[in-house]
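Understanding the architecture of this molecule
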Amino acid sequence: MPAPKKPTATITPPRLSFDYIRQQADRFRQQYVKPPNLVPVPIEEIVELDLKIQIIPIHGLQDRIDVDGFLTNSLNAICIDYDVYMDERRSPRLRSTLAHEVGHFVLHKEQIQQCKFRTPEDWIHFREDFLEDDLDWFEFQAYEFAGRLLVPKEELEKQIKSCSDKIKYFKKYFPEGPDLVEAVSRVICGHFGVSDQVIGKRIAKEKIRL
Amino acid sequence: MITFGEFIRELRLKAGLTLRHFCQLTGFDPSNWSKIERGLLSPPKSKTVLIEIARALNLSEESEDYKTLFDLAAIGQIPADLVSSPRVMEELPVFFRTIRGEKPTRQELEDLIKLLGEE
């Protein structure tokens with residue numbers, strides 16, 4: 001008969017409002033981004049030099065585990081897939097991953113500190129027992145933080161305004177909706193150092209009309 | 001006593017160099033250099049390489065840090081217990097989701113433990 005599984009610690013996601021997360025991202029930018037409206041946000045430098053979080057490039061993280069990166073439970077390192085870290089073309093992805101993990105660091109430090117694993121089996125049980133719905137809360141919040149940090153609303157509006165001629169042009173070809181958002185996102189994503197999908201989500205989240 | 005890896009990381013951060021920038025200056029592979037800083041690989045022994053590192057960190061030959069760099073590199077062994085599971089236990093994530101958006105399988109969880117052990 002298999003030994004009964006030992007109960008593992010569970011953590012409850014906080015129900016943080018979007019306003020609270022936006023305030024936290026703005027506060028973070030005020031503290032670490034100089035000047036605070038600078039884009040692209042120098043997230044790699046902030047992680048290593050200001051937060052003193054090590055970046056550990058790991059070979060095969062994506063190929064073998066299907067993961068780009070993660071914050072360690074000791075809170076002092078972010079492990080990143082080696083290829084994502086090294087490939088300049090994947091820099092938007094790297095930046096989003098780092099900002100996302102910083103989101104966990106800022107918003108979920110207390111919950112992470114509750115998790116101490118004594119054995120690999122402890123950790124596996126913890127992960128297997130982790131409710132997907134709970135994980136969704138943590139992940140949504142970190143995504144929201146990362147989006148607001150890398151793509152501040154004011155700068156996003158400014159960029160959209162600055163390409164109003166292109167938007168008029170696009171509107172001749174694309175109906176209002178996803179195609180138009182995608183075309184505009186492609187034009188301005190380089191300014192923020194993120195992917196066009198991130199910009200698309202930020203436009204929707206901030207309810208910006210094109 | 002401070003290890004070579006801890007010492008050099010402290011100097012690197014003091015010099016305002018990210019891992020990427022430091023490796024661009026010295027030609028080290030970031031993954032290997034990260035292992036040296038974490039004490040998982042021995043420090044470089046070559047005098048030429050150590051001088052190159054000191055240069056990247058802007059250390060003058062007369063400084064105390066310059067001497068300490070060479071001293072620590074000379075004694076830098078990898079303690080066996082650093083390569084064991086306590087380190088891996090600290091590096092495991094609390095939150096992560098696969099790129100395909102699904103819960104990681106047990107096999108993937110076991111593979112991650114192995115991968116961190118190998119790294």
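The text that follows walks through the structure, step by step, so that each part is easy to find. These numbers were taken from a predicted model, which means no experiment stands behind them.

**With respect to the overall build of chain B**
- Tallying secondary structure elements over chain B gives seven helices and zero strands in all.
- Along the chain direction, N to C, the helices and strands of chain B fall in the order α-α-α-α-α-α-α.
- Compactness check: chain B gives a C-alpha radius of gyration of 17 Å against a globular reference of 14 Å for 119 residues, more than 25% above the reference.
- Across its three principal directions, the C-alpha atoms of chain B cover 55 × 30 × 20 Å.
- By the burial criterion, 48% of the 119 residues in chain B qualify as buried.
- Excluding contacts between residues fewer than 6 apart, the proportion of contacts in chain B whose partners are at least 24 apart in sequence is 62%.
- Of the roughly 5,900 Å² that chain B leaves accessible, carbon and sulfur atoms contribute 53%.
- Of the side-chain charges in chain B, 16 are positive and 19 negative, and the distance between the mean point of each set is 4 Å.

**Some words on the packing of helix α2 (residues 43–50) of chain A against helix α5 (residues 91–107) of chain A**
All names here are of chain A.
- It is at 9 Å that the axes of α2 and α5 come closest, and there the two elements cross at 45°. When the axis of α2 is compared with that of α5, the two are oblique. The handedness of the crossing between α2 and α5 is left-handed. From α2, Ile43, Glu44 and Val47 reach across to α5, where they touch Leu94, Arg95, Leu98, Ala99 and Val102.

**Overview of helix α5 (residues 64–75) of chain B**
- Helix length check: α5(B), at 12 residues, gives a terminal C-alpha distance of 17 Å against a target of 16 Å (1.5 Å per residue), a fit within 8%.
- Taken together, the buried residues of α5(B) touch α1 (4–14) and α4 (47–56) of chain B.

Thresholds applied
- Residues numbered from 1 in each chain as written.
- Chains lettered and ligands numbered in written order.
- Predicted model: local features only at pLDDT ≥ 70, side-chain atom pairs only at ≥ 80, totals over all residues.
- Heavy atoms only, no water.
- Helix = DSSP H or I, 4+ residues; strand = E, 2+ residues; numbered from the N terminus.
- Rg over C-alpha atoms; globule rule 2.2 N^0.38 Å.
- Buried < 20%, exposed > 50% of the residue type's maximum accessible area, 1.4 Å probe, protein only.
- Contact = heavy atoms within 4.5 Å.
- Areas by Shrake-Rupley, 256 points an atom, 1.4 Å probe, with all protein chains shown as cover.
- Lys, Arg positive; Asp, Glu negative; His and termini not counted.
- Charge placed at Lys NZ, Arg CZ, Asp CG, Glu CD.
- Axes fitted to C-alpha atoms, helices over the stretch in contact; angles between N-to-C directions.
- Parallel < 35°, antiparallel > 145°, perpendicular 65-115°, else oblique.
- Left-handed = near helix turned anticlockwise from the far one by under 90°.
- Expected span 1.5 Å × (residues − 1).

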